[in-house]
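Breakdown of the fold
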Amino acid sequence: MSYDQIGTQFVDFYYQTFDSNRAGLASLYRDSSMLSFEGSQTAGAAPIVAKLVGLPFNSVAHRIVTKDFQPVGSDIVVLVTGQLLIDGESNAQQFSQTFYLKNDNGNYFIQNDVFRLIYG
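Residues numbered from 1 in each chain as written. Predicted model: local features only at pLDDT ≥ 70, side-chain atom pairs only at ≥ 80, totals over all residues. Heavy atoms only, no water.

For the protein chain, an unreviewed UniProt entry supplies the name Nuclear transport factor 2 and the organism Podila minutissima. Word for word, the UniProt comment on the protein chain under Function (unreviewed entry) is "Has a role in nuclear-cytoplasmic transport of proteins and mRNAs." (UniProt positions renumbered as here; feature names shortened; annotations may be inferred.)

Here it is, written out as structure tokens:
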């Protein structure tokens, strides 16, 4: 499978799961994983999932606008831009998210995850 195919499958799974059951993202992170969410750093799988589950909204819907992938050896860098609607808002917020997917014997996990809302 090409890095584009792996990246596309990852993006589809990540955002579908985020939108429906954030706790279901736990299998994508490891103890060595790092999340930077709006400048706030969180390390480790359990704390990252706790951060995501504890975000102050009940529902969210992501609309992916662009997704780009680059191989780094056997790993993959993923850049996603899009819009998100929180708790049924009518005005979408713009976001950017970058993932570093680490290859662990053919299984990929999120080593690094950087999320930012785009203002302006």
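This part is about the UniProt feature "domain: NTF2" (unreviewed entry) in the protein chain. UniProt's entry tags residues 6-117 with the feature "domain: NTF2" (unreviewed entry), counted in the numbering of this structure. For residues 6-117, helix accounts for 21% and strand for 54%, while the C-alpha atoms at its two ends are 25 Å apart. (Helix = DSSP H or I, 4+ residues; strand = E, 2+ residues; numbered from the N terminus.)

On inspection of all chains with the given rule, the structure shows two salt bridges. The closest approach of N and O atoms between D75 and K102, which form a salt bridge, is 3.4 Å. Within this pair, whereas D75 is found in strand β4 (residues 75-86), its partner K102 is found in strand β5 (residues 93-104), the two being separated by 27 residues in sequence. Classification of D75 as buried rests on a relative accessible area of 6%. (Salt bridge = Lys/Arg side-chain N within 4 Å of Asp/Glu carboxyl O. Buried < 20%, exposed > 50% of the residue type's maximum accessible area, 1.4 Å probe, protein only.)

This paragraph deals with the pairing of strand β2 (residues 40-43). Of the strand pairs in this sheet, strand β1 (residues 29-37) and β2 are connected by four bridges, and their pairing is antiparallel. Residue pairing in the sheet places S36 in a bridge with Q41 of β2. In textbook terms, the turn of a hairpin is the stretch between consecutive antiparallel strands, and for β1 and β2 this stretch comprises two residues, one of which, E38, has a positive phi near 55°. (Pairing = 2+ DSSP bridges.)

Let's shift gears to the sheet that holds β4. Strands sit in the order β2-β1-β6-β5-β4-β3 across an open sheet of six strands; the sheet is mixed. On the outer flanks of this sheet lie β2 and β3 (60-72), each paired with one strand and no other. Strand-to-strand twist across the sheet, computed as the mean angle between neighbouring axes with direction ignored, equals 15°. Strand contacts of helix α2 (residues 45-53): β1 and β2, with the helix running at about 40° to β1, the strand carrying the most contacts. (Axes fitted to C-alpha atoms, helices over the stretch in contact; angles between N-to-C directions. Contact = heavy atoms within 4.5 Å.)

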